[in-house]
Amino acid sequence: MTVPDPGRAMRLDVVSIFPDYLAPLDLSLIGKAREDGLLDVRVHDLRDFTHDRHRTVDDTPYGGGAGMVMKPQPWSEALDHVLALDNPSGARPHLIVPGPGGQPFTQALARELAQEPWLAFACGRYEGIDERVYEHAREELGLEVSVVSLGDYVLNGGEVAVLAMVEAVGRLVPGVIGNAESLVEESHEDGLLEYPIYTKPRTWNGRDVPEVLLSGNHAAIAAWRLEQRLARTAARRPDLLHASHASLAGTAVEIAAATPGDVPELHVLMRACWVQEAVANDTLDIPALRESLDDVRASLDTTQTWVARSAGRLVGAVRTSRHDDDWFIGRLCVAPDLQGRGLGRRLLEHAEATAPDGIRTFSLNTGAKSADNLRMYKKAGYRLVDAPAPIPGAVTLVKRRHR
Ligand code: JBE
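Caption draft 1: Layout of the pattern of salt bridges. According to the stated counting rule, one finds 20 salt bridges in the structure shown. In this structure, E291 engages R319 in a salt bridge whose closest nitrogen and oxygen atoms are separated by 2.9 Å. Of this pair, E291 sits in the loop between helix 9 (263–281) and helix 10 (293–302) while R319 sits in strand 12 (residues 313–323), placing them 28 residues apart in sequence. According to the relative accessible area criterion, E291 is buried, its value standing at 9%. One connected set of salt bridges, linked through shared partners, spans D45, D48 and R55.

Take a look at the structure:
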């Protein structure tokens, strides 16, 4: 086992009266990350901080009531011990106490916690921990303390919740999972559940894989998968389905290759969209804003342009062009009254899905101050690259192709 690199590893301390419960943290990806020195996990036995013959950690509740309460003194000594251990990063731990009365543990919280250098988990048992331990940790020890719940059901203690949280947080620590993109295309990363997946054989037990997946038509596959995600989310987790998703799920928006007949409307749509960009970025010096009707017409020959129509109306567009192994996605636009409903994302996914074999990266440009665009692209897995501005005031974003 490699010694964790203290400057690099995320530190995780777990205090429990059942340290053996945390043994699974030696296994699988999290165990491997520990061996690789990416996670520095230490498990402590709360009973080591008791001083009586029976190693007592609980007592009856003041004011009466069912069950037992964890005594403050062993917890305070256990926390002192954790804080006193070698701490090269100079940080203080964020203390997480799993409990059914906490804030919900979500992917968003996992992402936040993955940014922290040091997490300490206090596993309560019985009815929970004496309230003064929380106050002491905050006020005397200066720790950030969060009560976090895995879900609305009652477990016997915090250990199972810690296993889940360490796994969810640990896999977001850079290096723990090889392919960073496999982290992006997942349920809960962008607010929709995943589409159904299939592997060989093509027919199993008389059941066929959906025909579209065998078609080789990337655009059709992407459209089918998005439809499945929307349908699944609506059926299983309607709470996740934004009004926007729902409204687009109801209206058919069709994406088709642009033809010369689309050009006048496309020109008007582009003007409307890039006036918005001009205002957001405080410049008129945007090539897209200045494309003439003839420029737009000519672009149909030099790029692949796609238009989205809803009930006959042209509501969005995008164009793609190949530059060696990069697929450049340009002029992505959505009618101003329909923005923020996932249509831009759909056009983006469509543009990506039409990339031919041999493409390794997707790239695009947007205004440095186009906050909504930047948010959407980042959510879709794009990252800003440190390159000269393609035009003044613009930025380049890139995403590796995920196959
Ligand atoms: O979800 N949790 O973190 C819990 C911890 C302890 C007991 N029940 C829970 N649900």
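Moving on from the model shown.
Caption draft 2: Region of the structure containing the site of the ligand. Around the ligand, a shell composed of P98, G99, P100, V148, S149, L150, G151, Y153, V154, L155, G157 and A161 is seen. Take G99: an N or O atom from its main chain is 3.3 Å from an oxygen atom of the ligand. Take L155: an N or O atom from its main chain is 3.0 Å from a nitrogen atom of the ligand. Taken by itself the ligand offers 270 Å² of open surface, and the protein chains cover 95% of this.

Caption draft 3: Quick peek at the packing of aromatic side chains. All told, the structure shown has one aromatic pair when counted by the stated rule. Ring centres of Y377 and Y382 lie 6.2 Å apart, and the angle between their planes is 65°; on these two criteria the pair is classed as edge-to-face. Assessed through its relative accessible area of 5%, Y377 is described here as buried. A relative accessible area of 0% means that Y382 is categorised as buried.

Caption draft 4: Summary view of the pairing of strand 12. A large share of strand 12 lies buried, amounting to eight of its eleven residues. Relative to strand 12, strand 11 (residues 304–310) is paired through seven bridges, and the arrangement is antiparallel. Bridging from a neighbouring strand, Q304 pairs with T320 of strand 12. By the bridge criterion, seven bridges tie strand 12 to strand 13 (residues 326–334) in an arrangement that is antiparallel. Of the residues in strand 13, the one forming a bridge with H323 is D326. If you look at the hairpin formed by strand 12 and strand 13, you'll find two residues sitting between the two strands, and D324 has a positive phi there, around 55°.

Caption draft 5: A look at the domain arrangement of the chain. One can read the domain layout of the chain as domain 1 (10–178) and domain 2 (252–400). The gap between the C-alpha centroids of domain 1 and domain 2 is 46 Å.

Caption draft 6: Broad picture of the nonpolar core. One finds L12, L39, F105, F121 and V169 to be the most contacted residues of the largest nonpolar core, which totals 31 residues. Where this core is concerned, the elements lending two or more residues are strand 1 (10–16), helix 1 (28–35), strand 2 (39–45), helix 3 (107–114), strand 6 (118–122) and helix 5 (159–170). For this core, the leading source of residues is helix 5, giving seven residues. Counting 24 residues, the second largest nonpolar core, distinct from the first, contains W306, V334, A351 and Y377.

Conventions and cut-offs
Residues numbered from 1 in each chain as written. Predicted model: local features only at pLDDT ≥ 70, side-chain atom pairs only at ≥ 80, totals over all residues. Heavy atoms only, no water. Salt bridge = Lys/Arg side-chain N within 4 Å of Asp/Glu carboxyl O. Helix = DSSP H or I, 4+ residues; strand = E, 2+ residues; numbered from the N terminus. Buried < 20%, exposed > 50% of the residue type's maximum accessible area, 1.4 Å probe, protein only. Near = heavy atom within 4 Å. Polar contact = N/O pair within 3.5 Å; in protein donor to acceptor, adjacent residues only side chain to side chain. Areas by Shrake-Rupley, 256 points an atom, 1.4 Å probe, with all protein chains shown as cover. Phe/Tyr/Trp six-rings, centres within 6.5 Å; stacked < 30°, edge-to-face > 60°. Pairing = 2+ DSSP bridges. Domains from an automatic or database assignment. Core = buried A, V, L, I, M, F, W, Y, C linked by side-chain atoms within 4.5 Å.

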